[in-house]
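# Notes for the structure review
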Amino acid sequence: GMCHSDSMVVNNGMAYPRVPGHEVVGHVASVGERVQYPSAKNNPLVGVGWHGSHCFHCSSCRRGDFMVCPNATVTGLDTDGGYGEYMLAHWSAVCELPPDIEDPAAAAPLLCAGVTMFNGMRRQSHLVPGDLVAIQGIGGLGHLGIQFAKRMGYRVAAISSNSKKQKLAQSLGADYFIDTSVDLDEPPSILLQALGGCALVIATEPSSKSMQDLVNGLAPNGRVMVVGAYADTFPISPLQLIGKRAHVCGWSSGCAPDSEDTCAFAHSQGIQSMNEYFPLSKVQKA
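Below you will find a few notes about this structure. These figures come from a predicted structure and were not determined experimentally.

### Topic: empty space enclosed by the protein
- Throughout the structure, instances matching the rule amount to two cavities of 30 Å³ or more.
- A volume near 50 Å³ is recorded for the largest cavity.
- Of all the elements in the fold, those that place two or more residues in the lining of the largest cavity are strand E2 (45–48) and helix H10 (256–269).
- The residue inventory of the lining of the largest cavity, partitioned by class, reads seven nonpolar, six polar and no charged.

And the structure:
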C-alpha cells in the first residue's frame, strides 16, 4: 500500500539508498535461524506496518508500550520497506493476517491508516457504546475511521470540507454529516453540541482552524485526538479545556499485535478499505 508519508522518504532527503513502503502484505519466504516462528512452515499470509521494531529494554518497552520506544524503527524509513518483490522484516514487526481474506492487497491500508484509527479508538477508556464520535476528514484515514466507529457501537458524525463526500460518508455508516465547505450559520462545534457533544473527535485533516473549533464541540471529558501529521500549530485557549476537562492528544499507528487485532476485527465486521491498484512498475504514477 501507499501512504502519504512515503513521500517524505522520496522527497525530503532521508538517508539514501532507501526502499519506501510500510503497508506490506505477503507470504513468509524464510526466517532467520534464531527466530522462533513455528507457523512459518505453513507459509502464512503476513503484514508489516509502520512500526518496524523496538528495543525491548527501555522503560517503555519493559512496560509493553512499544510504540513510544525511543529506539524504535520505522519500516521504509529506517529500514527498507515493501516497494519490491522481497523485503527483510524484524520478527517483532510481522503480524499474521486472517488466512481467508479475499483480497490480501486490500488489507495493506489496514496496517497503517486502519490500525491508527482502530487502535486509537479502542484505547480511549472513557468511550462507551452510544457516545458521539466525530471523524474530521474523509480520506484514507477517515473512511476507515467511520467504519470502525460505527461497528464499535458509536454514533458517528463525519466532518468534511467536500460536500461530494456526503453520500460516501453515509454509505460507510455516518449518522450525521457536517459540510464545512459552505458558510454555516453556526460553526461545526455548535452543531456537535446540538447532538450532545463529542466524546471523541479524530482529526485526520490538516486544518488548524477546523481543529481549534472542534475542541468546542467536545462533551465533558471529551478528547480531540490528532492523527493527521503536519507541521502547523493551532491555538487553544485554556478556557476551552478547563471547564469541561477536555483533552487534546495525538496517536500514531500500532505494533504487530495491534495490526493483527485491527485486521481480525475488520474481517469479522466486513470493514473494507477503498483502493486503486497499480503494478509495481507504475509506482511513480501511483
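So, next bit.
### A closer look at the side chain of Ser-273
- Residue placement: Ser-273 occurs in the segment after H10.
- Assessed through its relative accessible area of 11%, Ser-273 is described here as buried.
- Engagement of the side chain of Ser-273 in a polar contact is seen with the backbone oxygen of Ala-106, the distance being 2.7 Å.
- Within polar-contact distance, the side chain of Ser-273 engages the side chain of Asn-275 at 2.8 Å.
- Each residue touching Ser-273, except ones within four places of it in the same chain, is listed here: Ala-106, Pro-109, His-143 and Leu-144.

### With respect to the pattern of salt bridges
- Enumeration according to the criterion identifies five salt bridges in this entry.
- The closest approach of N and O atoms between Asp-261 and Arg-122, which form a salt bridge, is 3.0 Å. In this pair, Asp-261 sits in helix H10 while Arg-122 sits in helix H4 (residues 113–122), placing the two residues 139 residues apart along the sequence.
- The partner of Asp-258 in a salt bridge is Arg-123, and the shortest N-O contact between them spans 2.9 Å. Of the two residues, Asp-258 sits in helix H10 while Arg-123 sits in the loop between H4 and strand E6 (132–136), which places them 135 residues apart along the sequence.
- A relative accessible area of 7% means that Asp-258 is categorised as buried.
- In this structure Arg-123 comes out as partly exposed when scored by relative accessible area, which is 44%.
- Among the ionic contacts, a cluster of salt bridges with common partners joins Arg-122, Arg-123, Asp-258 and Asp-261.

Calculation criteria
- Residues numbered from 1 in each chain as written.
- Predicted model: local features only at pLDDT ≥ 70, side-chain atom pairs only at ≥ 80, totals over all residues.
- Heavy atoms only, no water.
- 1 Å grid on protein atoms, 1.4 Å probe; cavity = no way out; pocket = protein on both sides within 12 Å on 5 of 7 lines; lining within 4 Å.
- Points joined across faces, edges and corners; volume = space filled by probe spheres on them.
- Helix = DSSP H or I, 4+ residues; strand = E, 2+ residues; numbered from the N terminus.
- Nonpolar A, V, L, I, M, F, W, Y, C, P; charged D, E, K, R; others polar.
- Buried < 20%, exposed > 50% of the residue type's maximum accessible area, 1.4 Å probe, protein only.
- Polar contact = N/O pair within 3.5 Å; in protein donor to acceptor, adjacent residues only side chain to side chain.
- Contact = heavy atoms within 4.5 Å.
- Salt bridge = Lys/Arg side-chain N within 4 Å of Asp/Glu carboxyl O.

Function-wise, these values are silent; they only describe arrangement.
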